[in-house]
Amino acid sequence: MRETRSDGDLLRAIAADGDRRAFEELYRRYAPWLSARLRGPCADPGLVDDVVQETFLAVWRGTARYREEGDVAGWLWRIGSRRLIDALRGDGARGRLRQALSRLRHRDEASAEERVLAGVEHGDLAGALVRLSPELRAVLQATVIDGLTTREAAVLLGIPPGTVKTRAMRARKQLREALA
C-alpha cells in the first residue's frame, strides 16, 4: 500500500524535482474542488476550466510559490480567484456581449443576488454597511458574499483565522445595532 503524501511534500517534490506524479496527485486532490469554487462567481464552464489549468500550470512552472503558510487549498484558491478576475477583466467585448445576452434571457426575473444587492444598495442595510470599517466589510465580503470558509478568508485577507472570526462577530454586532 502506497503512503499518501502531505500537500507540503507534494509541493516540495514538484518545486525541487519537477515530480510529475506529485503534480498529478496534487491536481487530482484539488482541481475538482477549485473548479467547484470558481463556478460560484463564474457561470462559464470553459473559462473556469481554463483558469484551473492556468492555476496548476503556475504551480508546475514554479511561477506560483507556496511559502508553507496557511493551507494549500486557500493558496490555490487565491491563485485561481486572481486569475479568474484577470480573465474576466480581459474578456472585453466578448464578455460584455455574453453578459448582455444573459440579461436578455432572464430580464423578467431578478436573481436572488440582484434582489439582495438592491436591498443592500437602497435599503437600511446600505447605510449600515457603509458605516463599517473597511476591515470588517472585507471579512463580510469574503465570508458572506463570496462564501469562503474562515480559513479561506484568512488566507485571502492575509490575517489569522481567529481575527476573521472576531471581525465577523464585530461586524454582525454593529449591523444588528444599526438595523435595530
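Structure: see above.
Thresholds, definitions, all that
Residues numbered from 1 in each chain as written. Predicted model: local features only at pLDDT ≥ 70, side-chain atom pairs only at ≥ 80, totals over all residues. Heavy atoms only, no water. Patch = residues over 30% accessible without salt bridge, like charges linked within 9 Å, V, L, I, M, F, W, Y side chains within 5 Å. Areas by Shrake-Rupley, 256 points an atom, 1.4 Å probe, with all protein chains shown as cover. Salt bridge = Lys/Arg side-chain N within 4 Å of Asp/Glu carboxyl O. Lys, Arg positive; Asp, Glu negative; His and termini not counted. Charge placed at Lys NZ, Arg CZ, Asp CG, Glu CD. Helix = DSSP H or I, 4+ residues; strand = E, 2+ residues; numbered from the N terminus. Contact = heavy atoms within 4.5 Å. Phe/Tyr/Trp six-rings, centres within 6.5 Å; stacked < 30°, edge-to-face > 60°. Buried < 20%, exposed > 50% of the residue type's maximum accessible area, 1.4 Å probe, protein only. Lys NZ or Arg CZ within 6 Å of the ring centre and 35° of its normal. Expected span 1.5 Å × (residues − 1). Arc of directions from axis to C-beta. Polar contact = N/O pair within 3.5 Å; in protein donor to acceptor, adjacent residues only side chain to side chain. Core = buried A, V, L, I, M, F, W, Y, C linked by side-chain atoms within 4.5 Å.

(A) Summary view of a negative patch on the surface. A grouping of Asp49, Asp50, Glu54 and Asp86 is seen on the molecular surface, where their side chains present a negatively charged patch. Along the chain, aspartate 50 turns up in helix α3 (residues 45-61).

(B) The environment of alanine 13, seen in detail. By the element assignment, alanine 13 lies in helix α1 (residues 7-17). Between the C-alpha atoms of alanine 13 and phenylalanine 23, which are ten residues apart in sequence, the distance is 8.3 Å. Among all residues touching alanine 13, those that are not within four sequence positions of it are Arg5, Gly18, Asp19 and Ala22.

(C) Expanded view of the packing of aromatic side chains. A complete count under the given rule lists four aromatic pairs for this structure. Centroid distance tyrosine 27 to phenylalanine 56: 4.9 Å. Interplanar angle 70 degrees. Geometry classified as edge-to-face. With tyrosine 27 in helix α2 (residues 20-39) and phenylalanine 56 in helix α3, the pair connects residues that are 29 residues apart, well separated along the chain. According to the relative accessible area criterion, phenylalanine 56 is buried, its value standing at 1%. Connected via pairs of aromatic rings, a cluster forms that spans Phe23, Tyr27, Phe56 and Trp60. The positively charged end of arginine 37 is found above the aromatic ring belonging to tryptophan 77, 5.2 Å away from the centroid.

(D) Up close: α3. End to end, α3 covers 24 Å across 17 residues, agreeing with the expected 24 Å (1.5 Å per residue, within 8%). Within α3 the residues assigned to the buried category are Leu47, Val48, Val51, Val52, Thr55, Phe56, Ala58 and Val59. Relative to the axis of α3, the buried residues are bounded by an arc of 165 degrees and lie together on one face. Buried residues along α3 sit against α1, α2 and α4 (72-89). Where α3 begins, the side chain of aspartate 44 points an oxygen toward the backbone nitrogen of glycine 46, at a separation of 3.0 Å. Phi turns positive one or two residues past the end of α3, at glycine 62, with a value near 85 degrees.

(E) A look at the nonpolar core. The biggest cluster of nonpolar side chains holds 34 residues, and the ones touching the most others in it are Leu11, Leu26, Leu38, Phe56, Val72 and Trp75. Residue assignment for this core shows that the elements contributing at least two residues are α1, α2, α3, α4, α8 (134-145), α9 (150-157) and α10 (161-179). Among the nonpolar cores identified, the runner-up in size contains seven residues, and Ala128, Leu136, Ala171 and Leu175 belong to it.

(F) Seen up close, the environment of lysine 165. Turning to its location among the elements, lysine 165 is positioned in helix α10. Each C-alpha atom of the pair lysine 165 and alanine 153 lies 9.8 Å from the other, and the pair is twelve residues apart in sequence.

(G) Fine view of the pattern of salt bridges. Taken as a whole, this structure holds eight salt bridges when the rule is applied. A salt bridge links arginine 29 to aspartate 7; the shortest N-O distance between them is 2.5 Å. Placement of arginine 29 in helix α2 and of aspartate 7 in helix α1 is noted, with a sequence separation of 22 residues between them. Since its relative accessible area comes to 28%, arginine 29 is described here as partly exposed. According to the relative accessible area criterion, aspartate 7 is buried, its value standing at 17%. A salt bridge links arginine 151 to aspartate 71; the shortest N-O distance between them is 2.9 Å. Of the two residues, arginine 151 is situated in helix α9 and aspartate 71 in the loop between α3 and α4; the sequence distance between them amounts to 80 residues. The exposed category is assigned to arginine 151, whose relative accessible area is 51%. One network of salt bridges, with partners in common, ties together Asp7, Glu25 and Arg29.

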